[in-house]
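Structural characterization, general
Residues per chain, in single letters:
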Amino acid sequence: MTVVEDRRGRPAVHAVVSEADVAITELYAAHYRSLVRIATFLLHDVGSAEEVVQDAFVAVHGHWRRLRDPDKAAAYLRQAVVNRSRSRLRHLKVVDRHAPAAAPDAPSAEYGAIGALERTEVVAALRRLPPRQREVIVLRYYADLSEAQIADAMGISPGAVKSHASRGIAALRTTLEPLS
Amino acid sequence: MTPYDDYEDRLREVLLAEAETVVPAGDGLTRIRERVERRRARLRWLRPTVSLAAVAGVAAAAVLIGSVGGDVEQTLRPDPGTPGGGSATAPGPMPTGTAAPALTSGVTPIWPFTSVEAAQAWQAGGGPVAQPWSLDPARTAAHFLVALDADAVSTVLSTKLERLGAVPGVQVTLGYRAAGAPDRAVTVVHLVRLGTGPAPPYAVRFAGAYRLQVSGLPFFGFLHSPTTVRGTVRDTAATVVVELRRAGAATGTRLASAQATPGANAWTARLAFSAAPGLATLVARSAGPDGRTEQLTAVPVRLRGPSRPASGPGGSVGGYPATFVAAVGGRVAVLDSGTGAVRRYLTDAQPGGGVADLFLDTFGGRVYFTRGTGTCGAEVHSVPLTGGAETVAIPAPAGGRSENAVVTGEGGTVAYTTTACSGGAAVVAGSLGGGVPATSYPAPPGHSVRLLGYRPGTPQVLYLDSVGGATGTLRLLDTTRPAGPLATASSVVPTPTQSGCHDLGATYDPAGRLVLAAGCAGGTVRVLRVEVGNRVAVLATVTGGSLGPVALDWDPAGQALLLGADGHVSRLDGGRATRLSGPVATWPVW
């Protein structure tokens with residue numbers, strides 16, 4: 001517990017609140033960047049991803065009395081990021097319906113040199129996956145989470161994680177294999 | 001490893017590489033604090049004393065975390081100008097409608113210029129009047145294709161600003177356009193603007209294609225004759241032709257050409273050439289049954305000459321060069337890679353002036369080193385690897401010293417440090433030939449900087465930043481950034497924490513992975529390679545090492561690593577560390 005003094009030098013009168021602040025700062029240092037990257041994979045937009053992750057941190061701060069344990073808090077953050085990304089994506093889909101169609105260009109050629117091409121292809125294929133499959137692939141292969149952790153973050157059963165993973169990976173394989 | 005494992009590893013690698021391009025703005029913690037505070041303000045009438053303690057609490061927390069070091073510094077002290085620290089440097093296309101900023105260092109294009117000096121000479125020689133197309137990226141890209149004899153591909157489909165890695169530039173997509181049919185992109189030409197003054201011209205860095213690529217060959221990778229190059233092609237009916245051309249104005253000259261042998265979505269081609277060492281362009285193009293160019297890729301390579309230093313004057317043994325270079329008794333010496341014995345000296349002994357900070361410019365075939373010239377003085381000298389006169393490469397500034405030069409793999413660009421006798425250090429980036437204004441990045445007061453080398457294929461310089469002899473922090477300087485504080489132009493390199501250890505040196509292997517020398521309790525030096533997913537591979541543990549600076553250098557083929565610590569040189573190859581029994585030698589480089 002961190003000792004915090006108020007203006008009159010009285011120690012630790014608001015220890016619970018300061019503990020939450022310390023915890024948020026520590027969680028930020030440990031997880032913020034990777035959570036933004038996870039959300040970016042899910043949302044395809046860094047700005048939206050940052051907002052979603054910041055929302056999640058504010059929520060954790062609000063629930064700190066209940067969470068306390070940093071491991072629980074990290075799991076809660078992941079859950080919140082996945083859920084909020086889903087909501088944001090639903091909202092964006094509604095907006096997209098009114099947006100003009102993309103020009104028939106060849107955008108994936110933009111970074112078409114050596115390894116960058118493969119990356120562009122995989123990311124494009126990831127974007128084409130159904131949302132649940134995309135979430136599982138990102139949490140497993142980028143965030144390196146176990147099946148149980150993924151199930152917890154997504155609010156589904158471990159069996160469903162397996163099924164989404166195998167379908168997602170099969171779809172991505174068709175993209176990666178021609179590049180081998 | 002099963003194909004499935006390999007496939008999953010590749011997927012993991014691709015996602016991690018893509019994730020690296022996502023850089024949060026750096027003000028996340030501030031925004032969270034503000035929102036927490038706003039939320040508190042709404043509740044303040046209920047709990048009037050919470051707010052004050054909370055603000056103090058968050059501030060105290062920031063101080064606590066600030067002492068953890070590493071990557072945290074970047075997140076807690078956001079700097080909009082820092083690579084990775086601000087949205088201004090976030091990856092992705094820049095807004096259209098403005099010209100790309102002109103660069104004076106940090107990038108080596110392939111056409112029509114291969115250096116900033118050449119671009120400046122073109123400017124001074126009336127180039128903007130004679131070849132006004134050089135001032136327009138789309139027209140420059142079209143002229144590049146003419147130089148490659150692909151002038152049928154002349155329709156510019158799109159032009160937009162881009163930022164590839166840390167380098168700002170323009171990408172121009174060229175291809176075919178026909179009424180009633182979708183556009184067909186043939187190639188995307190990536191250009192940069194070079195030079196100074198009112199009319200800096202554009203130059204091509206490389207061209208990429210969607211369905212045709214060269215694989216297994218890094219940018220500026222070495223080619224020797226004969227060589228087999230490989231790649232992938234998405235259209236199995238296409239014929240692939242591979243050519244090797246000189247870089248720069250002589251691109252019209254073919255050095256070698258071969259029709260590729262097709263495979264399953266892949267091709268291989270064998271090229272034989274007898275050209276002198278230097279920069280070249282490897283061009284792969286696919287054509288349909290009608291002979292029309294369908295896809296075109298052009299990447300920079302380096303031609304390895306017969307006297308290329310990487311194989312050493314004594315050739316190659318055990319997959320690594322037979323000789324290396326190190327400082328022995330205040331002189332630059334060529335040593336035997338097997339025994340560590342001195343084969344010959346490249347410089348004479350000079351009373352009162354030793355040598356340090358050796359760096360081998362494999363492209364130029366010269367050894368750069370710091371030559372002590374007195375109590376405070378030092379300057380960067382160089383000597384040809386094959387023997388010859390020692391010359392001043394970077395003179396010392398008035399009232400100070402220049403030292404610790406590192407050169408890019410493709411040559412031409414150098415970074416070094418300057419230190420005033422009264423204190424105050426700076427990193428300077430410029431061109432080896434001079435003639436281009438160098439860019440200076442002053443270090444914070446009290447900081448000392450040791451440059452470790454350029455990150456392969458990038459204009460970023462890896463360095464160790466330390467304060468008052470304390471444990472150093474690894475940072476990357478982006479030399480395309482304008483002159484200004486070093487802390488602003490650089491960012492922290494996150495390194496995996498090893499209990500009881502601290503970083504003493506680092507380098508990149510030829511595949512671009514970070515390799516660290518960590519000094520650990522008990523006087524051991526652990527050599528670690530940072531793998532995909534921030535996993536760590538311990539390459540070797542060397543006992544009896546000191547906790548002073550450690551020099552690390554891979555041979556260009558990636559077969560063996562030299563480690564210099566405490567006056568001794570060790571060679572790491574095939575999973576073994578061999579301590580060489582030669583004289584006291586420091587700063588070993590292949």
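The structure displayed is predicted, hence computed values, not measured ones.

**Here we look at the overall build of chain B**
Along chain B, the regular secondary structure elements total 8 helices and 40 strands. Residues classed as buried in chain B amount to 49% of the 590 residues present. Of the contacts made within chain B by residues no fewer than 6 positions apart, 51% connect residues no fewer than 24 positions apart.

**Looking at the overall build of chain A**
A count of helical and extended segments in chain A gives 8 helices and 0 strands. Going from N to C terminus, chain A has its helices and strands arranged as α-α-α-α-α-α-α-α. Expressed as a percentage of its 180 residues, the buried residues of chain A come to 43%. Summarising the internal contacts of chain A: among those between residues at least 6 apart in sequence, 61% fall at separations of at least 24.

**What to know about the sheet that holds strand E11 (residues 261-262) of chain B**
Residues and elements named next belong to chain B. Sheet architecture is open: 4 strands sit in the order E6-E8-E12-E11, paired in antiparallel fashion. Either end of the sheet is taken by a strand with one partner, and the two such strands are strand E6 (212-215) and E11. Pairing of E6 with strand E8 (residues 227-233) involves 4 bridges; the strand directions are antiparallel. Residue pairing in the sheet places Gln 213 in a bridge with Thr 232 of E8.

**Looking at the packing of helix H6 (residues 131-142) of chain A against helix H7 (residues 147-154) of chain A**
All names here are of chain A. Put simply, H6 and H7 touch, their axes get as near as 10 Å, and they point 135 degrees apart. Comparing their axes, H7 and H6 come out oblique. By crossing handedness, the relation of H6 to H7 is classed as right-handed. Contacts from Glu 135, Val 136, Leu 139 and Arg 140 in H6 reach Ile 150, Ala 153 and Met 154 in H7.

**With respect to the confidence of the model for chain B**
In the predicted model, chain B carries a mean pLDDT of 77, and 80% of its residues have values of at least 70. Contacts of residues 45-97 of chain B to residues separated by more than four positions or lying in other chains number 104 contacts, the stretch itself having pLDDT below 50.

**Description of the nonpolar core**
One broad trend across soluble globular proteins is that nonpolar side chains are buried collectively. All names here are of chain B. Ala 326 and Val 427 are the most contacted members of the largest nonpolar core, which has 81 residues in total. Not counting chain neighbours up to four residues away, the residues in contact with Ala 326 comprise Ala 333, Leu 335, Leu 358, Gly 564, Val 569, Ala 585, Thr 586, Trp 587 and Pro 588. Leu 191, Ala 238, Val 242 and Ala 247 belong to the second largest nonpolar core, which has 61 residues in total.

**As for the sheet that holds strand E20 (residues 355-361) of chain B**
Residue and element names in this part refer to chain B. With antiparallel pairing, the 4 strands of this open sheet are ordered in space as E20-E21-E22-E23. Where the open sheet ends on each side, the last strands, each with one partner, are E20 and strand E23 (391-394). Adjacent strand axes in the sheet meet at a mean angle of 35 degrees when their direction is disregarded. Pairing of E20 with strand E21 (residues 366-372), which is carried by 5 bridges, proceeds in the antiparallel orientation. In the sheet register, Leu 360 faces E21, and the bridge partner there is Val 367.

**A few points about helix H7 (residues 137-147) of chain B**
The complete set of buried residues in H7 of chain B reads Pro 137, Thr 140, Ala 141, Ala 142, His 143, Phe 144 and Leu 145 of chain B. Immediately downstream of H7 of chain B, the backbone of Asp 149 of chain B shows phi near 60 degrees, a positive value.

**Here we look at unusual backbone geometry**
Residue and element names in this part refer to chain B. Residue Pro 112 is bonded to the preceding Trp 111 through a cis peptide linkage, with omega at -10 degrees. Tracing the backbone through its elements, the reader meets Pro 112 in the loop between strand E1 (102-103) and helix H5 (116-124). A positive phi angle, near 60 degrees, is found at Asp 149, a position not held by glycine. Mapped onto the secondary structure, Asp 149 falls in the loop between H7 and strand E2 (155-164). You will see that Trp 587, though not glycine, has its phi angle at about 55 degrees, which is positive. Tracing the chain through its elements places Trp 587 in strand E40 (residues 586-589).

**Some remarks on the environment of Thr 386 of chain B**
Residue and element names in this part refer to chain B. Within the secondary structure layout, Thr 386 lies in the loop between strand E22 (378-384) and E23. Residue classification places Thr 386 among the exposed positions, given that 12 C-beta atoms sit within 10 Å. In this structure the C-alpha to C-alpha distance between Thr 386 and Val 367, which are 19 residues apart in sequence, comes to 9.8 Å.

Procedures and definitions
- Residues numbered from 1 in each chain as written.
- Chains lettered and ligands numbered in written order.
- Predicted model: local features only at pLDDT ≥ 70, side-chain atom pairs only at ≥ 80, totals over all residues.
- Helix = DSSP H or I, 4+ residues; strand = E, 2+ residues; numbered from the N terminus.
- Buried ≥ 20, exposed ≤ 12 C-beta atoms within 10 Å, placed from the backbone.
- Contact = placed C-beta atoms within 7 Å.
- Pairing = 2+ DSSP bridges.
- Axes fitted to C-alpha atoms, helices over the stretch in contact; angles between N-to-C directions.
- Parallel < 35°, antiparallel > 145°, perpendicular 65-115°, else oblique.
- Left-handed = near helix turned anticlockwise from the far one by under 90°.
- pLDDT = per-residue confidence, 0-100.
- Core = buried A, V, L, I, M, F, W, Y, C linked by C-beta atoms within 7 Å.

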